[in-house]
Amino acid sequence: MRLTLRLLRRWNRPPYPPPEYQIAELTKKYANLPEKYMEANRKTVYHRTPRGINYLPRERHIFKNYIGVHRPWSNEHNQEVTDADEFQPYVNPLRDWFFFRGDRVQVLTGKDNGKQGIVEMVIQERNWVIVRGLNADITEQKDEDNKLIGYALEERPLLVNEQVALVDPGDLMPTEVEWSWTEEGEKVRVSKRTGRIIPMSRRSEETFQYKSRETYAENEKDTKKQDMEMTFAPKLMTFEMEIAEELGIEDDRIPKKTYCRSTDFEVHRNWLAITHSLPIKQWYTEATSEWTLDYPPLFAWFEYFLSLIAQFFDPKMLIISNLNYASSETILFQRLSVIFADLVFAYGTKECCKYVANSGLRKSSRWNCRWSSPSAMLQLLLLGNAGLFIVDHIHFQYNGFLYGIQLISIAKILQGNYLSGAFWFAVLLNLKHIYAYVAPAYFVYLLRNHCFPQAPSNASFKDLHSHFSMKRFTELACTVLSVFIISFGPFLVMNEIGNVLNRLFPFKRGLSHAYWAPNFWALYNTADKLGSVAGQQYNLLKKSSNASMTGGLVQEFEHSLLPSISPRITFLLTLISIMPALMKLWLSPGNPLHFLRCLVLCACGSFMFGWHVHEKAILMIIIPLTVLAVVWRREAQIYLLLSTVGHYSLFPLLFTAFELPIKVLLFLIHAVYAFLNLSHLFALDKPASSWTLPLLNRIESVYLVGLLPLFLFEQLLFPCLGLKDRLPFLPLMLTSGYCALGVTYCFVQYYWHFMRMSDSNHKRKTH
Amino acid sequence: MSSSSPVDSFRGAAVLTLLGLLVLRWAVALHSYSGEKRPPMYGDYEAQRHWMEVTHNLPVGEWYFNTTENDLMYWGLDYPPLTAYHSKVCGFAASLIDKSFVALKASRGFESYHHKLFMRWTVILSDLVVLIPSVWLYFAKRLWSADDASLVWIFLVLSHPGLLLIDHGHFQYNGVSIGLTIAAVAALLRKRNLLCSALFVLALNFKQMSLYYALPFFFYLLGTSLQGGIARGIPKVGAIGMVVLATFTIIWLPFVTQLSQLKQVLHRLFPIARGIFEDKVSNIWCALNVVYKIKNSFSNEDMAVVCLVSTLVVVIPSSLNLLFRPHPQKFVYSLINSSLAFFLFSFQVHEKSILLAAIPVSLILPTDPFISMWFTAISSFSMLPLLLKDGLLIPTIALILFHIVATTLMVNVLPSTREKSLIVSDQSSSILWWWAAFFVSMIGCVILTLSSIFVKPPNNLPDLFPLLISVYSCLHFIIFLLYFNYKQMSLPGVCLKSLSEKNLSQAQGADILNKHAACDVHVTNSSIFFPEVVDESNGCGGQFSVTLVSDKFEGKSRLQRHQLVHSILAEELKVIHAFSQKTLTPEQWETQKTQ
């Protein structure tokens, strides 16, 4: 038992005495001395940590035990302690204490048995009282020469619990007592035998310094009575709160949430404010905030409709000058608006699933499984897309809504409903113009399949001419143009179109975003950087000022080794990269899946070579690819690789400690589900070897597993190594470089696969 | 990693389940905790932090005492020693991360981004170590594998909205005590009585509220031990008693040295002076208080006696039923009955204590998914005033909706339960009635929620909506209590083992088997009958050979038939060590008979 106590007790003792060494309450009262003084008198200190701030203030000391009848601050007490050496008195702990100075008591033992006397002194530490004149010894008094000079009566202490008893004032007989309360709430001692109150003697309040309170003459240095008066009423408030209440200050600050919000919150709040409080004419000229409206007009209208609802949540957020306003209602509204806008995404998903389920694209034994049929899987993969969660619901954007519209248009075209497909795509273009990158695929496919209805697939250009249907072409053009007119028309009329276009296409930004999207330029930048470092190492290059390219914050930088890139070059490269795919699409009409493939490749090409690409644009590839992934095995392989790498590359968007677990968990859930179910769907009986991931070959598996050490390096090793000051952007560069390898690999592989496919490699169930 | 073998697909599904649970937990953890930025007393979060501070800095002897260093009026420790040890471990970890988290006295009301992160991690880790494994043990048939159905149950139980919100939002460590209790139940159902009693004592020593379960555990252990006759039972009971005593002694070792210590700890654990209920609780007394002010006519001590007597009166029927007819399924129902009765009738109840009843209710999901889902929704709803105060409204709504949707989806989809609909009864009209009742009750919840958010209560009744919510939930709980009592009583509590000991005739044996099959929902509407039941065990009750005839066997292979029978008799087959069966369709039976 002692062992456990000792184990659990902290090894350095607390700096106050244990109970058996403490000074009793009555002694303290009698002394009327500062407690600190008495403590100091009763202990010997061997060592004490020096003054100042110490996390663990330590002291090595021993306490002197209470041995005899002398007061702890007296010299005689010190003498007693020294004489007693190691003596440890045994003291029976008492529940209640009844004896005070001046009480009349009867002695129950010894030669004075039965005599009554007055308590002269109380030594609570040892359960003793001293009764005047009783239980006394006669001692000889001697001088220095040991010569008798007289006799003295010296009272010996008596144990309270067995050797004395209080006397009942009624019959003057000894009695047992207990503590009780009078009706006035006064605590009194009551005789157990007769129930009489035993009054307290006035001597009980006697102290070292005075006999009674009234007779005490106040000294100059004493604390005055009026100083002791309590002048404040205690309240359940902190000091600051009390002051604020006194001065009538109301705290209207909004406490910050512990997870941080991205700037996109402020961007969209600002757009809400602009569209709500300004006439249409000024939407694209307003520039109070740096986050000006730079999406096409339909999106501005979308924001306008949101602002109509927003005013019921918090009208303050709709004031333009209210920059960086983020009340909890505002945040709530914005979050909810994304969630409800996602219903469009859900609808788009449903349309695509309907197509996959009903068209009989491919024979499978699992069509009727409720949870593992391809359409169910598509549904879960799209709705549970980790990237969308990260970008939309944690980082904050309205991508789900936009991809929903894209999915609707894809589904319409897959179902052969070209006009409505074109309509939805035009709407999409007018919501966010980044989708112009995939417009060529739409254009080529619709032109070839809708406007040349009866042309055979291998017709030459001359033959095609004869099959051209002007009517169909006009229909298509009218549909698309009407959407554009509704969107841009008002600005044309108001002669604001120049401003709008300026806002929509800014070429001021740099080649790469602050965090390099994992594309070709990330590799290019990395190579340039490595080259320049190597060059400087061997003094081949002179030290240039822009060597701090890892700084990454610099939006525009000059390449030091490789030639710098202008927007024109990126545009050209993008065009070249998508041309073969478009050609192939033109030459293989009547195959909607080829359209989807070409769409994916267009998105991919623009992502690889585009100017100032955001890392979020990877979703433009992943989401259409999902539809293909549940149908064909090869595309499932590409999807697994690309979605894992792509979602991983979104990690730097969220960087706080609270968001870390949730992004990792979402990523893992999506990846585990995709690997598990896609491999299950394509009935993989045996994996290539036990060391590869399902559906992937050995190199791809090693590459994917390599993400784990990369992650661990960034999270654990990098902060530990102390590189943070020298190379702050190393982890970002590593992530984007590593992911860029994977994305490039997927791009090349998929391109090769598409080009080699037969024109109508598209089995339909015979209807 | 291969993917197609069943083992691996199971592994993947298990990983997915675990990840899903973690995401839910962390998503709740992002929200605010109780008393965030609300000085001077803060909330339960600060209480837990303060205990870490006290236990880390002071010697064991002072934890429960009011000293100069330990102010009991400021969130003094009032849970049993295991909580204190847990706090000490957490406090030690905290001191490794940052000394200011647990600096004695200086850290009062300490709040920071990283501290919140630390605290949230401690709850998640406690869940990972205790709660999730124990629920796994309860549902999984074997230690390292579980079928899809049990994974679904595990997911649903562990995503219980109330538990998530209180532990990961409001901030407490209920998962540990509840997890230990579930582990004890799992051990009990596997006939590990000694392990069970040790685990339950641990649960009891983490939170004294686990006493709500004490009676069912006691009576079930007693009942099963005494089943083979009193003479054989007494050593078993003695062994259990020894284990209980030993566990208690080990945990209380630092406190049993001095009588004053023991008394002080007990005094801290059972505070009579704190009144009959805390805030607005949806139990009987709070509801009664609306019409009749209890405080005016009873003192706290009197009321404690009244509470004790009324609780015992309500618990006794289910306990006695369990004592005389011990049966695993009855035991789980009895856990519900006892904890619900304690919640409704006992003294010093918190609104959070409904979790103690809600978790056993979610354990009966496989047999009674509809009622379980309903109870989960209502129990989470009953804590709304508390959660509203903590700023957890949105996760509350989201999690309750998620739970309802997930339960309906998964239960309807699972192959093993597809035959039994969400409701036990097989008549479509009664299903409709059940759903109607459910929707009416949910609409009431929605109205109360909306009004407590948007409507300002009249000035003389500031607590109007919390009170309405608690009365509304209380009515539900009373009806649920009656329903669960009825369910427990109507289960036939006869194990096959007792069948042979009483030397029943074959006919009676078949009769009991028939009854058993009838109570099992799988076979309600099919006609299994037992033409032959032969007890080959010479009275020890361990060997049977049975001939089963049912139209359910139509078109199934012999293996599938056997699997069907095994799935029905799973519980009984744990006792029996030899069970040979002949499974025949009616036609086969006819032809065999004619031969």
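None of the values given here were measured: they were computed from a predicted structure.

(A) Highlighting the overall build of chain B. When helices and strands are tallied, chain B shows 26 helices and 3 strands. Sorting the 595 residues of chain B into buried and exposed places 45% on the buried side. Put simply, of all contacts in chain B between residues at least 6 apart along the chain, 70% involve residues at least 24 apart.

(B) Looking closely at the overall build of chain A. Looking only at helices and strands, chain A features 26 helices and 13 strands. Taking all 767 residues of chain A together, 32% fall into the buried category.

(C) Local environment of the pairing of strand β12 (residues 187–191) of chain A. Residue and element names in this part refer to chain A. The sheet contact formed by strand β11 (residues 177–181) and β12 spans 5 bridges and is antiparallel. From the neighbouring strand, Ser-180 faces β12, where its bridge partner is Val-188. Hairpin connection from β11 to β12: 5 residues lie between these consecutive antiparallel strands, with Gly-185 at a positive phi of about 90°. Note that β12 and strand β13 (residues 197–198) share 2 bridges and pair antiparallel. Looking at the pairing, Val-190 lines up with Ile-197 of β13. Here β12 hands over to β13 after 5 residues, with Gly-195 in that stretch at a positive phi of 80°.

(D) Highlighting unusual backbone geometry. Located in the positive-phi region is Asn135(A), a residue other than glycine, with phi close to 55°. Relative to the helices and strands, Asn135(A) is located in the loop between β5 (128–131) and β6 (136–142). Judged by local crowding, Asn135(A) falls into the buried class, with 22 C-beta atoms found within 10 Å. One non-glycine residue, Trp75(B), lies in positive phi territory at about 45°. As for its placement among the helices and strands, Trp75(B) is situated in the loop between α2 (44–57) and α3 (81–97). Judged by C-beta crowding, with 20 C-beta atoms within 10 Å, Trp75(B) ranks as buried.

(E) Summary view of the sheet that holds strand β4 (residues 116–123) of chain A. Residues and elements named next belong to chain A. One open sheet accounts for 6 strands, arranged β8-β5-β4-β3-β9-β10; its pairing is antiparallel. Edge positions in the sheet fall to β8 (158–159) and β10 (174–175), since each of these pairs with one other strand and no more. Pairing geometry for β5 and β8, over 2 bridges, is antiparallel. Counterpart to Trp-128 in the pairing with β8 is Leu-159.

(F) Spatial organisation of helix α11 (residues 386–396) of chain A. Residues and elements named next belong to chain A. In terms of residue burial, α11 counts as a mostly covered element, since 10 of its 11 residues are buried. Taken together, the buried positions of α11 are Ala-386, Gly-387, Leu-388, Phe-389, Ile-390, Val-391, Asp-392, Ile-394, His-395 and Phe-396. Where α11 is buried, its residues contact α7 (263–277), α9 (328–358), α12 (399–414), α21 (619–629), α22 (633–648) and α23 (659–681).

(G) The sheet that holds β13(A), seen in detail. Spatial strand order, β11-β12-β13 (chain A): 3 strands in an open sheet with antiparallel pairing. In this open sheet, the two edge strands, each paired with only one partner strand, are β11 and β13 of chain A.

(H) Region of the structure containing the UniProt feature "domain: KOW" (unreviewed entry) in chain A. What UniProt calls "domain: KOW" (unreviewed entry) maps, in this numbering, to residues 98–125 of chain A. The span residues 98–125 of chain A is 0% helical and 43% strand by assignment, and the distance between its end C-alpha atoms comes to 14 Å.

(I) Representation of the environment of Trp424(A) within the structure. Residue and element names in this part refer to chain A. Take Trp-424: it is sitting in helix α13 (residues 418–431). You can call Trp-424 buried: it has 24 C-beta atoms within 10 Å. As for Trp-424 and Lys-471, which are separated by 47 residues in sequence, their C-alpha atoms are 20 Å apart. Each residue touching Trp-424, except ones within four places of it in the same chain, is listed here: Ile-405, Ile-408, Ser-409 and Lys-412.

(J) Molecular detail of the confidence of the model for chain A. Per-chain confidence: chain A averages 84 in pLDDT, with 88% of residues scoring 70 or above. When the criterion is pLDDT under 50, residues 761–767 of chain A qualifies, and its contacts beyond four places in sequence or with other chains add up to 5 contacts.

(K) Spatial organisation of the packing of helix α17 (residues 369–382) of chain B against helix α21 (residues 464–490) of chain B. All names here are of chain B. Axis separation between α17 and α21 bottoms out at 9 Å; the angle between their running directions is 150°. Taken as axis vectors, α17 and α21 run roughly antiparallel relative to one another. When the axes of α17 and α21 are compared, the crossing they make is left-handed. Side by side, α17 and α21 meet where Ile-371, Phe-375, Ile-378, Phe-381 and Ser-382 of the first sit next to Ile-469, Ser-470, Ser-473, His-476, Phe-480 and Tyr-483 of the second. A breakdown of the residues in the contact of α17 with α21 according to their chemical character gives 7 nonpolar, 4 polar and no charged.

(L) Main features of the packing of helix α6 (residues 161–171) of chain B against helix α16 (residues 354–363) of chain B. All names here are of chain B. Relative orientation of the contacting elements α6 and α16 amounts to 140°, with a least axis distance of 9 Å. Judged on the interaxial angle alone, α16 and α6 are oblique. Crossing geometry of α6 relative to α16 is assigned as left-handed. Contacts from Gly-162, Leu-163 and Ile-166 of α6 reach α16 at Ile-354, Leu-355, Ala-358 and Ile-359. Of the residues contributing to the contact of α6 with α16, the split by class is 6 nonpolar, 1 polar and no charged.

(M) Geometry of the environment of Phe232(A). Within the secondary structure layout, Phe232(A) lies in the loop between α5 (225–228) and α6 (239–246). Taking the C-alpha atoms as reference points, Phe232(A) and Cys352(A), separated by 120 residues in sequence, lie 72 Å from one another.

What counts and how
- Residues numbered from 1 in each chain as written.
- Chains lettered and ligands numbered in written order.
- Predicted model: local features only at pLDDT ≥ 70, side-chain atom pairs only at ≥ 80, totals over all residues.
- Helix = DSSP H or I, 4+ residues; strand = E, 2+ residues; numbered from the N terminus.
- Buried ≥ 20, exposed ≤ 12 C-beta atoms within 10 Å, placed from the backbone.
- Contact = placed C-beta atoms within 7 Å.
- Pairing = 2+ DSSP bridges.
- UniProt positions renumbered as here; feature names shortened; annotations may be inferred.
- pLDDT = per-residue confidence, 0-100.
- Axes fitted to C-alpha atoms, helices over the stretch in contact; angles between N-to-C directions.
- Parallel < 35°, antiparallel > 145°, perpendicular 65-115°, else oblique.
- Left-handed = near helix turned anticlockwise from the far one by under 90°.
- Nonpolar A, V, L, I, M, F, W, Y, C, P; charged D, E, K, R; others polar.

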